[in-house]
Amino acid sequence: MYGAFDEGGRRKGDGNMDAILLAAGNSTRFGENKLLYGLHGKPVYRYMLELLANKQKEGVLDRVVVVSQYDEIFADIKEHFPDVSAVRNPAPEKGISGSIRLGLTRLLQESGTSEACLFTVADQPGFSAASLDRMAAFWRSHAFGIVAACHTQRLKERAMIKNPVIFSSRYYAQLLELTGDFGGKQVARRHTQDIGLCEIPVFEMEDLDTKDALLGFAFPFLAEKGHVISIVGAGGKTTLMETLADDYAKKGHTVVITTTTHIVRPKRYPIAYNRAQLHSLLAANRVAAAGADALEGKLRMSDEMGIDVYRREADVVLIEADGAKRLPCKVPNETEPVIPKECDLVIGVAGMDALGVPLSECCFRTEHAAKLLQTDARHILTGRDLARILHSQQGTRKNVGNREYYIVLNKCDTKHLQKQAALIRQMLEQAGERHVVCIALHDFQRAVSRDNFRS
């Protein structure tokens, strides 16, 4: 077991550990219950719960205890996770220490003192099985009494210690003595010499305290500069472009939004018509639209500036490269979409409100959609149809080539549509698509667009 060591100070044997999942928070900063929030077709808490349950089946974890206050989570565990134990926290408002005491007490009641316990939270949907395995292996191969996830091993500073954290049984008494809103990190900070730091990707340790934090889970490229991103399809391209622009700006990056076709002249951002204006507006606002005036209050491609200029002036370039007449679905014609050669990432968008509607009413370029689906304009669009359009080289994937390709299923506004989107996502992943996002963009646009991108 973990308590035995070889001459090099490493633990002998392959003993496993227990795990406690803390899922009783009130989500005060999120605006609604974040643990039950639908993300890619399933609630946020399910990601970590499924991970722990799978590791229990594999034998990496002996027992898993979930501490929560939510009936939905208890019902889910009872129906789908028979080997997972659940305990209710009747007073979550008194702080995280209560959940720790309840979970640890349940473990000790079930079979006495375990060798170690992994404490984790339910709002880290990006945390991977590989990282949990890495932490378990780190624990087995070192003599530390505490192992914490971190994003660097250079310093044992407070800010570096992240969830999850593994505690040896010798710290259980101190964990049971915690009060108020103080978690296990309070114990860890008393014993810095006994802490081993296991490096985990920063993205995986992201706590989803606010809705805009969910964007980083859905779109990892938001942590990177230098992208030229084309947005194609229908059902929310402009909303997506503005949401991404505002999120980049909140991170301190400068963004050019533009078009290779036509877009409605933006009202939320200043417009640059030449490079000098663009330079000045980005310095003052971080986000600026760029182009030339067109008919009917629209903006078109600039005659004076190209993508090369935008790339030199801004950290990120966002391009609306397709038009859809405000319909939720589109199949392009022979000249569409217009994706510039400098583009390295393409996002295809479709609105879930297209489902159950005749092609003639929901799909721009109806004749092209009917040809692709081998049907007629009266055909009622199904989830399988939408998946085919989004994956097809004659559909939304047209002209993408070898670029990174993200698919956004937008307007997942109800539980029914979230379930439908999850099925479509499964179809697309089976077809080989790597990045499929199920989302209600208007939720995130409200979260990030608070006019705080101004310097």
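The structure presented is a predicted model; accordingly, all values stated were derived computationally and were not measured. (Residues numbered from 1 in each chain as written. Predicted model: local features only at pLDDT ≥ 70, side-chain atom pairs only at ≥ 80, totals over all residues. Heavy atoms only, no water.)

1. A few points about the overall build of the protein
Secondary structure assignment for the protein yields 15 helices and 22 strands. Relative to the globule expectation of 23 Å for 455 residues, the C-alpha radius of gyration of the protein, 25 Å, shows essentially globular dimensions. For the protein, the spread of C-alpha atoms along the principal axes amounts to about 75 × 50 × 40 Å. Scored against the burial criterion, the 455 residues of the protein give a buried share of 55%. Residue pairs in contact within the protein that sit at least 24 positions apart in sequence constitute 71% of those at least 6 positions apart. Working note: accessible area of the protein is about 20,000 Å², and carbon and sulfur atoms make up 48% of it. (Helix = DSSP H or I, 4+ residues; strand = E, 2+ residues; numbered from the N terminus. Rg over C-alpha atoms; globule rule 2.2 N^0.38 Å. Buried < 20%, exposed > 50% of the residue type's maximum accessible area, 1.4 Å probe, protein only. Contact = heavy atoms within 4.5 Å. Areas by Shrake-Rupley, 256 points an atom, 1.4 Å probe, with all protein chains shown as cover.)

2. Notes on the sheet that holds strand β15 (residues 292-294)
Spatially, β12-β16-β15 is the arrangement adopted by the three strands of the open sheet, whose pairing is antiparallel. Edge positions in the open sheet fall to β12 (262-264) and β15, since each of these has one partner strand only. Direction aside, neighbouring strands of the sheet carry axes that sit 40° apart on average. (Pairing = 2+ DSSP bridges. Axes fitted to C-alpha atoms, helices over the stretch in contact; angles between N-to-C directions.)

3. So, the nonpolar core
Note that soluble globular proteins tend to have their nonpolar side chains buried in a common cluster. One finds L278, Y310, M352, L381, L386, L409 and I424 to be the most contacted residues of the largest nonpolar core, which totals 49 residues. Beyond its immediate chain neighbours, meaning those up to four positions away, L386 contacts C329, A350, G351, M352, L355, L381, L409 and I424. The next biggest cluster of nonpolar side chains, apart from the first, holds 35 residues, and it includes L49, I77, F81 and L118. (Core = buried A, V, L, I, M, F, W, Y, C linked by side-chain atoms within 4.5 Å.)

4. Observations concerning helix α8 (residues 237-250)
In this model α8 runs 20 Å from its N-terminal to its C-terminal C-alpha over 14 residues, within 8% of the 20 Å that 1.5 Å per residue would give. The buried count for α8 comes to 11 of 14 residues, which makes it a mostly enclosed element. The complete set of buried residues in α8 reads K237, L240, M241, E242, T243, L244, A245, D246, D247, Y248 and A249. At the C-terminal side of α8, G252 shows a positive phi close to 95°. (Expected span 1.5 Å × (residues − 1).)

5. Examining the environment of S302
Structurally, the position occupied by S302 is in the loop between β16 (298-300) and α10 (307-313). Exposure remark for S302: the relative accessible area of 13% places this residue in the buried category. Between the C-alpha atom of S302 and that of T105, which follows or precedes it by 197 residues, the distance is 66 Å. Once residues lying within four places of it in the same chain are set aside, the contact partners of S302 are Y273, G291, A292 and Y310. Within the structure, the side chain of S302 is placed 3.0 Å from the backbone nitrogen of E304, a separation counted as a polar contact. A distance of 2.9 Å separates a polar atom in the side chain of S302 from the backbone nitrogen of M305. (Polar contact = N/O pair within 3.5 Å; in protein donor to acceptor, adjacent residues only side chain to side chain.)

6. Regarding the pattern of salt bridges
For the coordinates displayed, the defined rule picks out 26 salt bridges. A salt bridge links E429 to R425; the shortest N-O distance between them is 3.5 Å. Of this pair, E429 and R425 are both found in helix α14 (residues 415-430), four residues apart, which corresponds to roughly one turn of the helix. Taking relative accessible area as the criterion, E429 reaches 35% and is therefore assigned partly exposed. When salt bridges with common partners are traced through the structure, they connect K42, R46, E50 and D76 into a single cluster. (Salt bridge = Lys/Arg side-chain N within 4 Å of Asp/Glu carboxyl O.)

Shape descriptors only; they carry no functional weight alone.
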